[in-house]
Amino acid sequence: MKFNRDSLRKFLAWTLVFLYQGFVNDAYAPPYLTTLETEGSIAVTDPTIRDQVRTSQFSSSTTAASTIEICPKGQYVAACGNYRIGFNWLKSAKLPNPDQSSATAGEVVYKETRNYYVSDNIMDLYNQMRIFFGNTTTSMEYLDNDGVVQITNNFQEDREAILNNLCHPSTVEPKCKPCPNNANIAPSTVSLDGDLLTIRDSWEFHTFADCYIQEFEDTTGTYFYVPDNINFDIASLDSSTTVAQCYYTNTDAAAMDALMGDAIGIFVTGIYRNRINANERVEIPEGTITMY
């Protein structure tokens, strides 16, 4: 009888394991992964998810009803919801396209962003972060499907797809952190229309890579950082066009976990907040300000 009870117990245990795995697979990975790989869209019946996808879309208007402050001056955006911001956000991701004009009824069209994680060199990554999240038309590098570095000046749609989905102020609470070493940084903002949809190209978004200083003080006086080979008028040293911005960097291996942030991967609207334990976070430590 002991053998039978053990067998029955094992049978029930394995049955529960398979049922659980089937539930998890049916609810999450296979439908999204398979459909996205073959069709680039998924069927969505949950009204909450549909509403959040709607919120992540671009406004058809160019007129803002409000401008929302994500983080104040002097603080960078450290996380959106439970996603820490870092170098991993440069990697290719799949997430709802802010332009859903080609979607059929009951479907959400996804887009895949390019891979802007072009190097493991930390200085390159800082530079890529500043370009990618900056509201700029500067060209930047990315890796194509063959791993070859290419150049594009059309990365803003990828940037806004990430920010609209992960950082929209009506659905996500941001986490702001003061810049290390009391460095400066501009406020992060976004403009919305009357329906809380994002005005295209309105994100002003600043990460830890944007923290900078332009002067420092010691017992002998106040000093400004000035680029090499530049002619300047001493009276204009308070001009941002004359004084160089020296950016925060931290190349300590111990800081890399925090600097990498959380990979986006395939972003499933409506359930992503439960994917990461927000209490298990590693804060970015104090670093150095380096001019390069």
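Residues numbered from 1 in each chain as written. Predicted model: local features only at pLDDT ≥ 70, side-chain atom pairs only at ≥ 80, totals over all residues. Heavy atoms only, no water.

S.K.: How would you sum up the confidence of the model for the chain? Please name residues and give values.
M.R.: Here the chain averages 74 in pLDDT, while 67% of its residues score no lower than 70. Of the regions scoring below 50 in pLDDT, residues 1–34 engages in 11 contacts with residues more than four places distant in sequence or in other chains. (pLDDT = per-residue confidence, 0-100. Contact = heavy atoms within 4.5 Å.)

S.K.: Give a detailed account of the nonpolar core, specifying residues and quantitative values.
M.R.: Most often, soluble globular proteins keep nonpolar side chains buried together rather than apart. Core analysis: the largest hydrophobic core is formed by 48 residues, its most contacted members being Phe87, Trp89, Phe205 and Phe208. Secondary-structure elements contributing two or more residues to this core are β2 (66–71), β3 (75–80), α4 (122–133), β7 (140–143), α5 (156–166), β10 (188–192), β14 (246–249) and α6 (256–260). Considering each element in turn, this core owes the most residues, seven residues, to α4. Once you skip the residues sitting within four places of it in the chain, phenylalanine 87 turns out to touch Tyr117, Ile122, Leu125, Tyr126, Met129, Phe208, Met256, Leu259 and Met260. (Core = buried A, V, L, I, M, F, W, Y, C linked by side-chain atoms within 4.5 Å. Buried < 20%, exposed > 50% of the residue type's maximum accessible area, 1.4 Å probe, protein only. Helix = DSSP H or I, 4+ residues; strand = E, 2+ residues; numbered from the N terminus.)

S.K.: Describe unusual backbone geometry, and please don't skip the residues or the numbers.
M.R.: The phi angle at leucine 196 is positive, at roughly 70 degrees, despite the residue not being glycine. Inspection of the secondary structure puts leucine 196 in the loop between β10 and β11 (212–213). Residue leucine 196 is classed as partly exposed on the basis of its relative accessible area of 41%. Of note, the phi angle at aspartate 201 is positive, near 65 degrees, even though the residue is not glycine. Among the structural elements, aspartate 201 can be located in the loop between β10 and β11. Its relative accessible area of 43% is what places aspartate 201 among the partly exposed residues.

S.K.: Quick one: what's the story with the pattern of salt bridges, residue by residue and with numbers?
M.R.: Applying the stated rule across the entire model yields three salt bridges. Put simply, arginine 84 and aspartate 262 hold a salt bridge, and the shortest N to O gap is 3.2 Å. With arginine 84 in strand β4 (residues 83–84) and aspartate 262 in the loop between α6 and β15 (288–290), the pair connects residues that are 178 residues apart, well separated along the chain. Residue class for aspartate 262 comes out buried when judged on its relative accessible area of 10%. Where glutamate 160 meets arginine 159, a salt bridge forms, and the shortest distance between an N and an O atom there is 3.8 Å. Under the relative-accessibility criterion, glutamate 160 is labelled buried at 2%. With relative accessibility at 0%, the residue arginine 159 sits in the buried group. (Salt bridge = Lys/Arg side-chain N within 4 Å of Asp/Glu carboxyl O.)

S.K.: Which residues make up the pairing of β7, and what values do they have?
M.R.: The pairing of β7 with strand β8 (residues 149–152) spans four bridges and is antiparallel. Following the sheet pairing, leucine 143 is matched in β8 by valine 149. Between β7 and β8, which pair antiparallel in sequence order, lie five residues; one of them, glycine 147, sits at a positive phi of approximately 80 degrees. (Pairing = 2+ DSSP bridges.)

S.K.: For the state of the cysteines, give the residues involved together with the corresponding values.
M.R.: Disulfides are covalent bonds that connect the sulfur atoms of two cysteines. If you walk through the whole model with that rule in mind, you get three disulfides. Residue pairing for cysteine 80: its cysteine sulfur links by disulfide to cysteine 167, the two sulfurs lying 2.0 Å apart. Between cysteine 80 and cysteine 167, the S-S dihedral sits near 100 degrees, and the bridge is therefore right-handed. Linking cysteine 80 in strand β3 with cysteine 167 in the loop between α5 and β9 (174–178), this pair joins segments that are 87 residues apart in sequence. Given the relative accessible area of 1%, cysteine 80 is considered buried. For cysteine 179, the disulfide goes to cysteine 211, at an S-S distance of 2.0 Å. Judged by the torsion about the S-S bond (-80 degrees), the cysteine 179/cysteine 211 disulfide is left-handed. Of this pair, cysteine 179 sits in the loop between β9 and β10 while cysteine 211 is found in the loop between β10 and β11, placing the two residues 32 residues apart along the sequence. Each member of the pair, cysteine 179 as well as cysteine 211, carries the same accessibility label: buried. With cysteine numbering restricted to those in disulfides and following the sequence, the chain has the pairing 1-4, 2-3, 5-6. (Disulfide = S-S within 2.5 Å.)

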